[in-house]
Every structure is written in C-alpha cells, then in structure tokens.
Amino acid sequence: EIMPSLVGSEMCIRDSLISLIQGKYDEVNLNYVKENMRCEGGARYVEIQMEQLPAGDEILDSDMRSLQRKMYESCVAFLGADSAHCVFDVSVNEKVYDIGFIFSDYMAEEAAKNERKYLEDLRRYICDNTQKNIGMLVGRKVSDISKIARSYGNACMLRSFQGFRIVKSIYYYCLLYTSPSPRD
C-alpha cells in the first residue's frame, strides 16, 4: 500500500512545527504555525512510541516503520480537526520510531476531561488501533507554542531515563520545587 505524501500546506505546517519543536525556528515558522494551528493555552510535547521489545526480539526496520505509520494514522484519527498537532517522525535518530504530539490545554477542556484522562484515552485509542503497547513521554507544560522546544527537551530526557525506571505507560516530566533558602 502506498501512502500519500504530504503536499502543500500540510508539508509547510509539519516543517514549521518541527522547527519549533527542535528550537530552530524564526518568526516565519512561528507565525505560520500560529496562523494554521490552534495554539491557545499551555502546551506540552508528547513523544508517542512503541514500548520496548523484550531483549532478543528482533523486528525489521520496515516493520517498525509500518507500525510507526499506524501510530501516526491512529493519532490523526483521534485528533480529527486538530490533526496538525500530530507529527510523523520528529526524532532525527534513525532507530527511534516515534511520533510527536503537541498537546494543548483546550483539547482536554473541550473533551470535558483532565489532561491525564485525555492522554490516557489517546494512548488507549492508539493501542487498540495498532494492537501494540504504546508509551508516552510527556514534557513539562510551557506557556506558549514558541517555547515547545523546552518541553521536547524534557521528553528526550525522559526517553534517556526509561531503562532505569519502573515501567509505566505514560511518563510525565515533573519539576520539584523547593523553597528558596534565606540567603536567596
């Protein structure tokens, strides 16, 4: 089956969004995203990935790419009118078969859910449609889409710590705040 390629405005929004995610953007990219994608409220970068295969299990790159495509198509179907928030293959690492998702606060509000329930419902939808276990790495919330690279960096840090943690379906990046010392 041949998948249709992105054309015209879809490619422009994807390229501009990846520029923002990776922190290598200019006003043209930022304005294009803001004009062509709903961005109000806080936002988080969410990496959606297949859970790690057991040691010794091997799968062909072409099969991984096919599963990645199914994850992307499921995410797009779940998001409907907000499908531009889902990006195929954000990672530049050739062996990471992930998709990116920009979660915006309004999505959960309009679905009458809290953020965790919304993300869990999205994860479950993708799992059901791909018949695979899917994990999410959720970066910290940023106030504006122009700062999404910070949230992306948090999700990348979570990816690097995955092997050292208890297995969960959704990992959230959390900052621990401490009171300032009297000297501050």
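For the structure itself, consult the block above.
A short tour of the structure in this document, coming up. As the structure is a computational prediction, the values presented were derived from the model and not from experiment.

Criteria and cut-off values
- Residues numbered from 1 in each chain as written.
- Predicted model: local features only at pLDDT ≥ 70, side-chain atom pairs only at ≥ 80, totals over all residues.
- Heavy atoms only, no water.
- Salt bridge = Lys/Arg side-chain N within 4 Å of Asp/Glu carboxyl O.
- Helix = DSSP H or I, 4+ residues; strand = E, 2+ residues; numbered from the N terminus.
- Buried < 20%, exposed > 50% of the residue type's maximum accessible area, 1.4 Å probe, protein only.
- Phe/Tyr/Trp six-rings, centres within 6.5 Å; stacked < 30°, edge-to-face > 60°.
- Lys NZ or Arg CZ within 6 Å of the ring centre and 35° of its normal.
- Pairing = 2+ DSSP bridges.

Under the criterion given, the structure shown has 13 salt bridges. Across the pair Asp121 and Lys117 runs a salt bridge, and its minimum N-O distance is 2.8 Å. Placement of the pair is Asp121 and Lys117 together in helix H5 (residues 115-130), with a separation of four residues, close to one helical turn. Look at Lys117 and you get partly exposed, because its relative accessible area is 43%. Residues joined by salt bridges that share partners form a network here, namely Arg44, Asp105, Glu115 and Lys141.

Another point: the packing of aromatic side chains. As enumerated under the stated definition, the model contains six aromatic pairs in all. Seen in terms of ring centroids, Tyr72 and Phe88 are 5.5 Å apart; in terms of plane orientation they differ by 80°. Their pairing is edge-to-face. Residue Tyr72 is found in helix H3 (residues 61-79), and its partner Phe88 is found in strand E2 (residues 86-88); the two are separated by 16 residues along the sequence. For Tyr72, a relative accessible area of 17% puts it in the buried group. Relative accessible area serves as the criterion here: at 8%, Phe88 is assigned to the buried category. Both rings, one in Phe78 and one in Tyr118, keep their centres 5.6 Å apart while their planes meet at 75°; by these two values the pair is edge-to-face. Placement of Phe78 in helix H3 and of Tyr118 in helix H5 is noted, with a sequence separation of 40 residues between them. Note on Phe78: relative accessible area 24%, which makes it partly exposed. The ring centre of Tyr106 lies 3.6 Å from the NZ or CZ of Arg38, which sits over that ring. Between the NZ or CZ atom of Arg69 and the centre of the ring of Phe88, over which it lies, the distance is 3.9 Å.

It is worth spelling out unusual backbone geometry at this point. Here the phi dihedral of Ala112 falls at roughly 55°; this positive angle occurs in a residue that is not glycine. Summarising the element assignment, Ala112 is placed in the loop between helix H4 (105-110) and H5.

The next subject is the pairing of strand E1 (residues 43-50). For a regular strand, side chains alternate in direction, first toward one face of the sheet and then toward the other. In terms of burial, E1 is a largely internal element, eight of the eight residues being buried. Burial along E1 is two-sided: the residues Ala43, Tyr45, Glu47 and Gln49 and Arg44, Val46, Ile48 and Met50 are all buried. With seven bridges connecting them, E1 and strand E3 (residues 98-104) associate as antiparallel partners. The residue bridging Ile48 from the neighbouring strand is Ile99, located in E3. With five bridges connecting them, E1 and strand E4 (residues 134-138) associate as antiparallel partners.

Note that every value here comes from positions in space, so none of it alone points to a role or purpose.
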